[in-house]
Amino acid sequence: MSKLISILIGVLIFCLIVVVHELGHLIIAKKNGIMVPEFQVGFGPKLCSFKKGETEYSIRLVPFGGACKMLGEDVSSDDERAFNNKKPWARFATIFAGPFFNFILAFVMAVIVISLAGYDPCIVTYVSEGSAADKAGLQAGDTITSFDGHGISIGRELYIQLTFDELDGEPIDITYRRDGEKYETVLTPELQKSYKLGFYYNADENPAVISSLVKGGVLERAGVRAGDEIVGINGTAISTGKEFYDYIQQNPLTGDETEFVLKRDGSLVTLSLTPEYTTSYLTGFSYNYAYREKTGPLGVLKYSFVEVKYWIVNTYKSLGQIFKGKVSTDDLGGPVRIVSELENTVEETKSDGLLYVVLNLMNWAILLSANLGVMNLLPIPALDGGRLVFIVIELIRGKPVPPEKEGIVHAVGIVLLMALMVFVFFNDIRNVFFR
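Throughout what follows, the structure given in this document is the object of discussion. (Residues numbered from 1 in each chain as written. Predicted model: local features only at pLDDT ≥ 70, side-chain atom pairs only at ≥ 80, totals over all residues. Heavy atoms only, no water.)

## Observations regarding a negative patch on the surface
Together, Asp 148, Asp 168, Glu 170, Asp 173 and Glu 184 make up a negatively charged patch on the protein surface. Topologically, Asp 173 is positioned in strand 6 (residues 172-178). (Patch = residues over 30% accessible without salt bridge, like charges linked within 9 Å, V, L, I, M, F, W, Y side chains within 5 Å. Areas by Shrake-Rupley, 256 points an atom, 1.4 Å probe, with all protein chains shown as cover. Salt bridge = Lys/Arg side-chain N within 4 Å of Asp/Glu carboxyl O. Lys, Arg positive; Asp, Glu negative; His and termini not counted. Charge placed at Lys NZ, Arg CZ, Asp CG, Glu CD. Helix = DSSP H or I, 4+ residues; strand = E, 2+ residues; numbered from the N terminus.)

Here's what the structure looks like:
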(Lines give C-alpha, C1' and ligand atoms only; values in the text may rest on other atoms or scores of the structure.)
Protein backbone atom coordinates (compact mmCIF):
# COMPACT_ATOMS: atom_id res chain seq x y z
CA MET A 1 0.00 0.00 0.00
CA SER A 2 1.34 3.43 -0.92
CA LYS A 3 2.19 6.06 1.66
CA LEU A 4 -0.53 8.30 0.18
CA ILE A 5 -3.26 5.73 0.82
CA SER A 6 -1.91 5.15 4.34
CA ILE A 7 -2.07 8.88 5.01
CA LEU A 8 -5.62 9.13 3.62
CA ILE A 9 -6.79 6.23 5.79
CA GLY A 10 -5.12 7.76 8.83
CA VAL A 11 -6.74 11.15 8.14
CA LEU A 12 -10.18 9.55 7.73
CA ILE A 13 -9.85 7.66 11.03
CA PHE A 14 -8.61 10.76 12.88
CA CYS A 15 -11.41 12.88 11.37
CA LEU A 16 -14.08 10.37 12.37
CA ILE A 17 -12.82 10.22 15.96
CA VAL A 18 -12.51 14.00 16.27
CA VAL A 19 -15.90 14.70 14.67
CA VAL A 20 -17.62 12.27 17.05
CA HIS A 21 -15.80 13.84 20.04
CA GLU A 22 -16.82 17.38 19.09
CA LEU A 23 -20.31 16.18 18.16
CA GLY A 24 -20.71 15.05 21.77
CA HIS A 25 -19.95 18.59 22.96
CA LEU A 26 -22.30 20.05 20.31
CA ILE A 27 -25.32 17.85 21.06
CA ILE A 28 -25.19 18.24 24.84
CA ALA A 29 -24.42 21.98 24.56
CA LYS A 30 -27.57 22.51 22.49
CA LYS A 31 -29.58 20.28 24.87
CA ASN A 32 -28.50 22.61 27.69
CA GLY A 33 -29.40 25.74 25.73
CA ILE A 34 -25.78 26.80 25.11
CA MET A 35 -25.15 28.81 21.95
CA VAL A 36 -22.58 27.29 19.55
CA PRO A 37 -21.42 29.87 16.96
CA GLU A 38 -19.12 27.43 15.12
CA PHE A 39 -18.48 23.70 14.81
CA GLN A 40 -15.23 23.01 12.95
CA VAL A 41 -13.30 19.98 11.78
CA GLY A 42 -9.56 20.64 11.54
CA PHE A 43 -7.63 23.87 12.03
CA GLY A 44 -6.26 26.63 9.85
CA PRO A 45 -7.93 28.30 6.82
CA LYS A 46 -11.49 27.28 5.93
CA LEU A 47 -11.90 24.94 2.99
CA CYS A 48 -15.69 25.06 3.04
CA SER A 49 -18.54 25.95 5.38
CA PHE A 50 -22.30 26.24 5.69
CA LYS A 51 -24.64 27.64 8.30
CA LYS A 52 -27.59 25.89 9.89
CA GLY A 53 -29.54 27.85 12.44
CA GLU A 54 -27.12 29.81 14.61
CA THR A 55 -24.16 27.46 14.05
CA GLU A 56 -21.62 27.63 11.23
CA TYR A 57 -20.17 24.22 10.28
CA SER A 58 -16.73 24.34 8.65
CA ILE A 59 -13.96 22.06 7.39
CA ARG A 60 -10.45 23.47 7.68
CA LEU A 61 -7.12 22.77 6.03
CA VAL A 62 -5.26 20.86 8.79
CA PRO A 63 -7.31 17.69 9.45
CA PHE A 64 -5.88 16.75 12.87
CA GLY A 65 -8.23 18.23 15.44
CA GLY A 66 -11.44 20.18 15.63
CA ALA A 67 -13.50 22.40 17.89
CA CYS A 68 -17.01 23.06 19.12
CA LYS A 69 -16.84 26.79 19.85
CA MET A 70 -19.36 27.71 22.53
CA LEU A 71 -20.31 31.26 23.44
CA GLY A 72 -18.75 32.27 26.76
CA GLU A 73 -16.48 29.23 27.00
CA ASP A 74 -13.14 31.08 27.13
CA VAL A 75 -14.32 34.66 27.75
CA SER A 76 -17.16 35.96 29.87
CA SER A 77 -20.45 36.88 28.22
CA ASP A 78 -23.65 38.46 29.54
CA ASP A 79 -25.79 36.38 27.18
CA GLU A 80 -27.99 33.97 29.14
CA ARG A 81 -27.17 31.27 26.55
CA ALA A 82 -23.42 31.60 27.16
CA PHE A 83 -21.52 28.60 28.52
CA ASN A 84 -20.22 30.57 31.51
CA ASN A 85 -23.75 31.47 32.60
CA LYS A 86 -25.06 27.90 32.76
CA LYS A 87 -25.25 25.88 35.97
CA PRO A 88 -22.17 23.79 36.89
CA TRP A 89 -23.80 20.42 36.14
CA ALA A 90 -24.89 21.61 32.66
CA ARG A 91 -21.33 22.70 31.91
CA PHE A 92 -19.92 19.48 33.38
CA ALA A 93 -22.21 17.34 31.16
CA THR A 94 -21.32 19.38 28.07
CA ILE A 95 -17.56 19.00 28.61
CA PHE A 96 -17.76 15.33 29.62
CA ALA A 97 -19.85 14.51 26.53
CA GLY A 98 -16.83 14.72 24.19
CA PRO A 99 -14.81 11.87 25.76
CA PHE A 100 -18.02 9.94 26.47
CA PHE A 101 -18.96 10.00 22.77
CA ASN A 102 -15.50 8.60 21.99
CA PHE A 103 -16.29 5.65 24.25
CA ILE A 104 -19.63 5.24 22.46
CA LEU A 105 -17.86 5.24 19.07
CA ALA A 106 -15.38 2.64 20.33
CA PHE A 107 -18.30 0.48 21.53
CA VAL A 108 -20.14 0.72 18.18
CA MET A 109 -16.95 -0.24 16.34
CA ALA A 110 -16.41 -3.12 18.76
CA VAL A 111 -19.94 -4.42 18.10
CA ILE A 112 -19.17 -4.57 14.37
CA VAL A 113 -15.78 -6.25 14.83
CA ILE A 114 -16.98 -8.84 17.35
CA SER A 115 -20.13 -9.59 15.32
CA LEU A 116 -17.96 -10.44 12.31
CA ALA A 117 -14.76 -11.80 13.89
CA GLY A 118 -15.76 -12.92 17.41
CA TYR A 119 -13.86 -12.47 20.68
CA ASP A 120 -10.65 -13.99 22.08
CA PRO A 121 -11.49 -16.29 25.05
CA CYS A 122 -8.73 -16.75 27.61
CA ILE A 123 -8.20 -20.46 26.92
CA VAL A 124 -5.13 -22.26 28.25
CA THR A 125 -3.32 -23.56 25.15
CA TYR A 126 -0.40 -25.37 26.75
CA VAL A 127 0.80 -26.43 30.21
CA SER A 128 4.44 -27.32 30.74
CA GLU A 129 4.91 -30.66 32.50
CA GLY A 130 6.06 -30.22 36.09
CA SER A 131 5.53 -26.44 35.98
CA ALA A 132 3.69 -24.25 38.50
CA ALA A 133 0.55 -24.43 36.34
CA ASP A 134 0.79 -28.22 36.13
CA LYS A 135 1.11 -28.46 39.91
CA ALA A 136 -1.92 -26.18 40.28
CA GLY A 137 -3.99 -28.56 38.14
CA LEU A 138 -4.45 -26.41 35.05
CA GLN A 139 -4.90 -28.21 31.74
CA ALA A 140 -4.94 -27.18 28.10
CA GLY A 141 -8.52 -26.23 27.19
CA ASP A 142 -9.34 -24.62 30.55
CA THR A 143 -10.84 -21.13 30.30
CA ILE A 144 -9.47 -18.67 32.87
CA THR A 145 -12.14 -16.33 34.28
CA SER A 146 -10.23 -14.74 37.16
CA PHE A 147 -6.53 -14.16 37.80
CA ASP A 148 -5.18 -12.74 41.06
CA GLY A 149 -8.55 -11.18 41.90
CA HIS A 150 -9.04 -9.60 38.47
CA GLY A 151 -11.92 -10.76 36.28
CA ILE A 152 -10.74 -12.13 32.92
CA SER A 153 -13.12 -12.19 29.95
CA ILE A 154 -10.64 -12.19 27.05
CA GLY A 155 -7.07 -13.37 26.61
CA ARG A 156 -5.72 -9.85 26.16
CA GLU A 157 -6.93 -8.92 29.66
CA LEU A 158 -4.62 -11.56 31.11
CA TYR A 159 -1.87 -10.29 28.84
CA ILE A 160 -2.01 -6.72 30.21
CA GLN A 161 -2.28 -8.14 33.74
CA LEU A 162 0.97 -10.07 33.28
CA THR A 163 2.63 -7.24 31.34
CA PHE A 164 1.97 -4.36 33.73
CA ASP A 165 1.94 -6.25 37.04
CA GLU A 166 5.11 -8.30 37.12
CA LEU A 167 4.97 -11.70 38.78
CA ASP A 168 6.76 -12.41 42.02
CA GLY A 169 6.80 -15.51 44.18
CA GLU A 170 3.44 -14.78 45.80
CA PRO A 171 0.59 -17.32 45.30
CA ILE A 172 -2.05 -16.35 42.74
CA ASP A 173 -5.73 -17.29 43.02
CA ILE A 174 -7.11 -18.52 39.69
CA THR A 175 -10.68 -19.33 38.72
CA TYR A 176 -11.31 -21.33 35.56
CA ARG A 177 -13.98 -23.31 33.70
CA ARG A 178 -13.56 -26.88 32.50
CA ASP A 179 -16.34 -28.79 30.72
CA GLY A 180 -18.88 -26.23 31.93
CA GLU A 181 -17.86 -26.53 35.59
CA LYS A 182 -16.20 -23.82 37.68
CA TYR A 183 -12.96 -24.56 39.54
CA GLU A 184 -10.59 -22.60 41.74
CA THR A 185 -6.89 -23.16 42.35
CA VAL A 186 -3.78 -21.45 43.64
CA LEU A 187 -0.70 -21.09 41.44
CA THR A 188 2.69 -20.13 42.87
CA PRO A 189 5.03 -18.76 40.14
CA GLU A 190 8.44 -20.37 40.07
CA LEU A 191 11.72 -18.49 39.75
CA GLN A 192 13.61 -19.43 36.62
CA LYS A 193 17.16 -18.44 35.76
CA SER A 194 17.74 -18.72 32.04
CA TYR A 195 18.83 -17.08 28.81
CA LYS A 196 16.12 -15.15 26.98
CA LEU A 197 15.57 -13.40 23.67
CA GLY A 198 12.67 -11.30 24.95
CA PHE A 199 9.41 -12.24 23.22
CA TYR A 200 6.08 -14.03 23.67
CA TYR A 201 4.26 -16.57 21.49
CA ASN A 202 1.60 -19.26 21.80
CA ALA A 203 2.95 -22.80 22.26
CA ASP A 204 0.12 -24.43 20.29
CA GLU A 205 -0.45 -26.09 16.92
CA ASN A 206 -0.67 -22.76 15.09
CA PRO A 207 2.34 -21.08 13.40
CA ALA A 208 4.92 -19.75 15.88
CA VAL A 209 3.93 -16.11 15.50
CA ILE A 210 5.53 -13.58 17.86
CA SER A 211 2.62 -12.03 19.77
CA SER A 212 4.60 -9.34 21.61
CA LEU A 213 8.12 -8.26 22.50
CA VAL A 214 9.81 -7.47 25.78
CA LYS A 215 10.70 -3.79 25.88
CA GLY A 216 14.45 -3.44 25.40
CA GLY A 217 14.85 -7.18 24.79
CA VAL A 218 17.19 -8.84 22.30
CA LEU A 219 14.59 -9.27 19.55
CA GLU A 220 13.22 -5.75 19.85
CA ARG A 221 16.70 -4.27 19.59
CA ALA A 222 17.27 -6.41 16.49
CA GLY A 223 14.23 -4.87 14.78
CA VAL A 224 11.91 -7.87 15.10
CA ARG A 225 8.18 -7.00 15.16
CA ALA A 226 5.09 -8.55 16.67
CA GLY A 227 3.48 -10.61 13.91
CA ASP A 228 6.77 -12.03 12.59
CA GLU A 229 6.68 -15.83 12.33
CA ILE A 230 9.47 -18.08 13.59
CA VAL A 231 10.20 -20.67 10.89
CA GLY A 232 13.63 -21.87 11.97
CA ILE A 233 16.17 -21.90 14.79
CA ASN A 234 19.77 -23.14 14.60
CA GLY A 235 19.11 -25.07 11.39
CA THR A 236 15.87 -26.73 12.65
CA ALA A 237 12.66 -25.95 10.75
CA ILE A 238 9.74 -24.72 12.87
CA SER A 239 6.13 -24.88 11.71
CA THR A 240 4.15 -24.47 14.96
CA GLY A 241 4.43 -22.81 18.35
CA LYS A 242 4.42 -26.28 19.94
CA GLU A 243 7.43 -27.34 17.83
CA PHE A 244 9.34 -24.23 18.90
CA TYR A 245 8.47 -24.86 22.55
CA ASP A 246 9.60 -28.50 22.32
CA TYR A 247 12.86 -27.43 20.65
CA ILE A 248 13.63 -24.94 23.45
CA GLN A 249 12.82 -27.56 26.10
CA GLN A 250 15.26 -30.01 24.51
CA ASN A 251 17.86 -27.35 23.60
CA PRO A 252 17.74 -24.57 26.24
CA LEU A 253 19.19 -21.26 25.12
CA THR A 254 22.68 -20.42 26.36
CA GLY A 255 24.96 -17.44 26.03
CA ASP A 256 26.04 -18.71 22.62
CA GLU A 257 24.91 -17.08 19.38
CA THR A 258 21.55 -18.35 18.11
CA GLU A 259 20.42 -18.31 14.48
CA PHE A 260 16.80 -17.26 14.02
CA VAL A 261 14.85 -17.49 10.76
CA LEU A 262 11.72 -15.31 10.61
CA LYS A 263 9.04 -14.90 7.96
CA ARG A 264 7.71 -11.38 7.39
CA ASP A 265 5.42 -10.37 4.51
CA GLY A 266 6.31 -13.58 2.68
CA SER A 267 10.07 -12.99 2.90
CA LEU A 268 12.59 -14.79 5.09
CA VAL A 269 14.88 -12.91 7.46
CA THR A 270 17.86 -14.61 9.13
CA LEU A 271 19.25 -13.12 12.35
CA SER A 272 22.19 -14.12 14.53
CA LEU A 273 21.33 -13.20 18.13
CA THR A 274 22.94 -13.65 21.52
CA PRO A 275 20.45 -14.48 24.32
CA GLU A 276 20.68 -12.50 27.57
CA TYR A 277 20.82 -14.03 31.04
CA THR A 278 17.67 -13.23 33.02
CA THR A 279 15.76 -14.23 36.12
CA SER A 280 11.98 -14.27 36.05
CA TYR A 281 8.95 -15.87 37.64
CA LEU A 282 7.01 -18.23 35.37
CA THR A 283 3.46 -19.58 35.50
CA GLY A 284 4.21 -22.51 33.21
CA PHE A 285 1.27 -22.10 30.87
CA SER A 286 0.45 -20.27 27.64
CA TYR A 287 -2.98 -18.95 26.69
CA ASN A 288 -4.94 -17.74 23.71
CA TYR A 289 -4.08 -14.23 22.63
CA ALA A 290 -5.19 -14.07 19.00
CA TYR A 291 -7.70 -16.84 18.15
CA ARG A 292 -11.29 -15.60 18.09
CA GLU A 293 -14.57 -17.47 18.30
CA LYS A 294 -18.08 -16.30 17.42
CA THR A 295 -20.75 -15.54 20.00
CA GLY A 296 -24.48 -14.74 20.05
CA PRO A 297 -26.14 -11.29 20.17
CA LEU A 298 -25.92 -10.98 23.96
CA GLY A 299 -22.32 -12.14 23.84
CA VAL A 300 -21.55 -9.50 21.20
CA LEU A 301 -22.88 -6.77 23.51
CA LYS A 302 -21.01 -8.19 26.51
CA TYR A 303 -17.66 -8.54 24.77
CA SER A 304 -18.03 -5.15 23.07
CA PHE A 305 -18.15 -3.58 26.54
CA VAL A 306 -15.18 -5.76 27.51
CA GLU A 307 -13.28 -4.57 24.41
CA VAL A 308 -13.77 -0.89 25.28
CA LYS A 309 -12.87 -1.57 28.92
CA TYR A 310 -9.72 -3.38 27.78
CA TRP A 311 -8.47 -0.39 25.79
CA ILE A 312 -9.34 2.05 28.57
CA VAL A 313 -7.41 -0.04 31.11
CA ASN A 314 -4.55 -0.50 28.66
CA THR A 315 -4.32 3.27 28.16
CA TYR A 316 -4.23 4.26 31.82
CA LYS A 317 -1.84 1.43 32.72
CA SER A 318 0.46 2.61 29.91
CA LEU A 319 0.29 6.12 31.34
CA GLY A 320 1.28 4.65 34.69
CA GLN A 321 4.41 3.23 33.05
CA ILE A 322 5.37 6.76 31.98
CA PHE A 323 5.13 8.09 35.53
CA LYS A 324 7.14 5.10 36.77
CA GLY A 325 9.90 5.94 34.32
CA LYS A 326 9.53 2.64 32.45
CA VAL A 327 8.78 4.30 29.10
CA SER A 328 11.43 6.10 27.04
CA THR A 329 10.92 8.98 24.62
CA ASP A 330 11.20 6.47 21.76
CA ASP A 331 7.92 4.95 22.94
CA LEU A 332 6.02 8.21 22.47
CA GLY A 333 4.19 8.29 19.16
CA GLY A 334 1.84 10.59 17.29
CA PRO A 335 0.07 10.80 13.92
CA VAL A 336 3.17 10.03 11.83
CA ARG A 337 3.91 6.79 13.68
CA ILE A 338 0.23 5.82 13.71
CA VAL A 339 0.06 6.21 9.91
CA SER A 340 3.21 4.07 9.64
CA GLU A 341 1.66 1.38 11.86
CA LEU A 342 -1.57 1.51 9.84
CA GLU A 343 0.44 0.83 6.70
CA ASN A 344 2.16 -2.13 8.40
CA THR A 345 -1.22 -3.46 9.54
CA VAL A 346 -2.68 -3.34 6.03
CA GLU A 347 0.43 -4.91 4.48
CA GLU A 348 0.42 -7.76 7.01
CA THR A 349 -3.30 -8.59 6.58
CA LYS A 350 -4.07 -7.80 2.93
CA SER A 351 -3.29 -11.40 1.91
CA ASP A 352 -6.21 -12.49 4.14
CA GLY A 353 -8.70 -10.40 2.15
CA LEU A 354 -10.39 -7.00 2.27
CA LEU A 355 -12.65 -7.95 5.21
CA TYR A 356 -9.68 -8.61 7.50
CA VAL A 357 -8.01 -5.37 6.43
CA VAL A 358 -11.17 -3.43 7.31
CA LEU A 359 -11.56 -5.26 10.64
CA ASN A 360 -7.95 -4.48 11.59
CA LEU A 361 -8.42 -0.81 10.70
CA MET A 362 -11.57 -0.77 12.82
CA ASN A 363 -9.55 -2.25 15.70
CA TRP A 364 -7.22 0.72 15.31
CA ALA A 365 -10.23 3.06 15.40
CA ILE A 366 -11.42 1.40 18.64
CA LEU A 367 -7.97 1.81 20.19
CA LEU A 368 -7.60 5.46 19.13
CA SER A 369 -11.14 6.47 20.09
CA ALA A 370 -10.89 4.93 23.56
CA ASN A 371 -7.40 6.40 23.93
CA LEU A 372 -8.63 9.90 23.03
CA GLY A 373 -11.48 9.56 25.53
CA VAL A 374 -9.12 8.63 28.36
CA MET A 375 -6.48 11.24 27.47
CA ASN A 376 -9.06 14.02 27.31
CA LEU A 377 -10.29 13.17 30.79
CA LEU A 378 -6.84 13.60 32.34
CA PRO A 379 -6.80 16.58 34.75
CA ILE A 380 -4.48 18.57 32.50
CA PRO A 381 -5.10 22.28 31.77
CA ALA A 382 -6.67 22.97 28.34
CA LEU A 383 -7.97 19.39 28.05
CA ASP A 384 -11.57 18.45 28.89
CA GLY A 385 -10.37 16.87 32.13
CA GLY A 386 -8.69 20.12 33.17
CA ARG A 387 -11.90 22.05 32.58
CA LEU A 388 -13.88 19.48 34.56
CA VAL A 389 -11.50 19.99 37.50
CA PHE A 390 -12.39 23.69 37.64
CA ILE A 391 -16.10 22.86 37.59
CA VAL A 392 -15.63 20.38 40.47
CA ILE A 393 -13.71 23.06 42.41
CA GLU A 394 -16.62 25.41 41.78
CA LEU A 395 -19.10 22.86 43.14
CA ILE A 396 -16.96 22.40 46.26
CA ARG A 397 -16.36 26.14 46.84
CA GLY A 398 -19.86 27.22 45.95
CA LYS A 399 -18.50 29.82 43.52
CA PRO A 400 -16.47 29.69 40.31
CA VAL A 401 -12.74 30.24 40.03
CA PRO A 402 -12.11 33.76 38.64
CA PRO A 403 -12.20 33.45 34.82
CA GLU A 404 -8.90 35.30 34.36
CA LYS A 405 -7.09 32.83 36.65
CA GLU A 406 -8.61 29.81 34.94
CA GLY A 407 -7.73 31.33 31.57
CA ILE A 408 -4.08 31.69 32.56
CA VAL A 409 -3.92 28.04 33.65
CA HIS A 410 -5.45 26.82 30.38
CA ALA A 411 -3.19 29.11 28.33
CA VAL A 412 -0.11 27.60 29.99
CA GLY A 413 -1.57 24.14 29.35
CA ILE A 414 -2.04 24.90 25.65
CA VAL A 415 1.58 26.07 25.32
CA LEU A 416 2.86 22.91 27.01
CA LEU A 417 0.62 20.68 24.87
CA MET A 418 1.80 22.39 21.68
CA ALA A 419 5.41 21.88 22.76
CA LEU A 420 4.68 18.19 23.41
CA MET A 421 3.01 17.85 20.00
CA VAL A 422 6.06 19.35 18.26
CA PHE A 423 8.37 17.01 20.20
CA VAL A 424 6.25 13.94 19.37
CA PHE A 425 6.09 14.94 15.69
CA PHE A 426 9.88 15.15 15.31
CA ASN A 427 10.27 12.02 17.44
CA ASP A 428 7.96 10.22 15.00
CA ILE A 429 9.98 11.43 12.02
CA ARG A 430 13.19 10.18 13.64
CA ASN A 431 11.78 6.77 14.60
CA VAL A 432 9.84 6.09 11.40
CA PHE A 433 12.29 7.35 8.77
CA PHE A 434 15.75 7.30 10.36
CA ARG A 435 15.89 4.00 12.28
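## Section: unusual backbone geometry
Its identity is not glycine, yet Asp 148 carries a phi of approximately 55°, on the positive side. Mapping Asp 148 onto the fold places it in the loop between strand 4 (143-147) and strand 5 (150-151). The class for Asp 148 is partly exposed, based on a relative accessible area of 41%. The phi angle at Asp 179 is positive, at roughly 55°, despite the residue not being glycine. Examined against the element boundaries, Asp 179 turns out to sit in the loop between strand 6 and strand 7 (181-187). (Buried < 20%, exposed > 50% of the residue type's maximum accessible area, 1.4 Å probe, protein only.)

## A word on the packing of helix 2 (residues 88-117) against helix 9 (residues 354-376)
Relative to each other, helix 2 and helix 9 sit at 155°, their axes nearing to 8 Å. The angle between the axes of helix 2 and helix 9 places the two elements in the roughly antiparallel class. Relative to helix 9, helix 2 is oriented so that their crossing is left-handed. Packed against helix 2, whose contacting residues are Pro 99, Asn 102, Phe 103, Leu 105, Ala 106, Met 109, Ala 110, Ile 112, Val 113, Leu 116 and Ala 117, the element helix 9 presents Leu 355, Leu 359, Met 362, Asn 363, Ala 365, Ile 366, Ser 369, Ala 370, Leu 372, Gly 373, Val 374 and Asn 376 at the interface. Looking at the contact of helix 2 with helix 9 residue by residue, the class counts come to 18 nonpolar, five polar and no charged. (Axes fitted to C-alpha atoms, helices over the stretch in contact; angles between N-to-C directions. Parallel < 35°, antiparallel > 145°, perpendicular 65-115°, else oblique. Left-handed = near helix turned anticlockwise from the far one by under 90°. Contact = heavy atoms within 4.5 Å. Nonpolar A, V, L, I, M, F, W, Y, C, P; charged D, E, K, R; others polar.)

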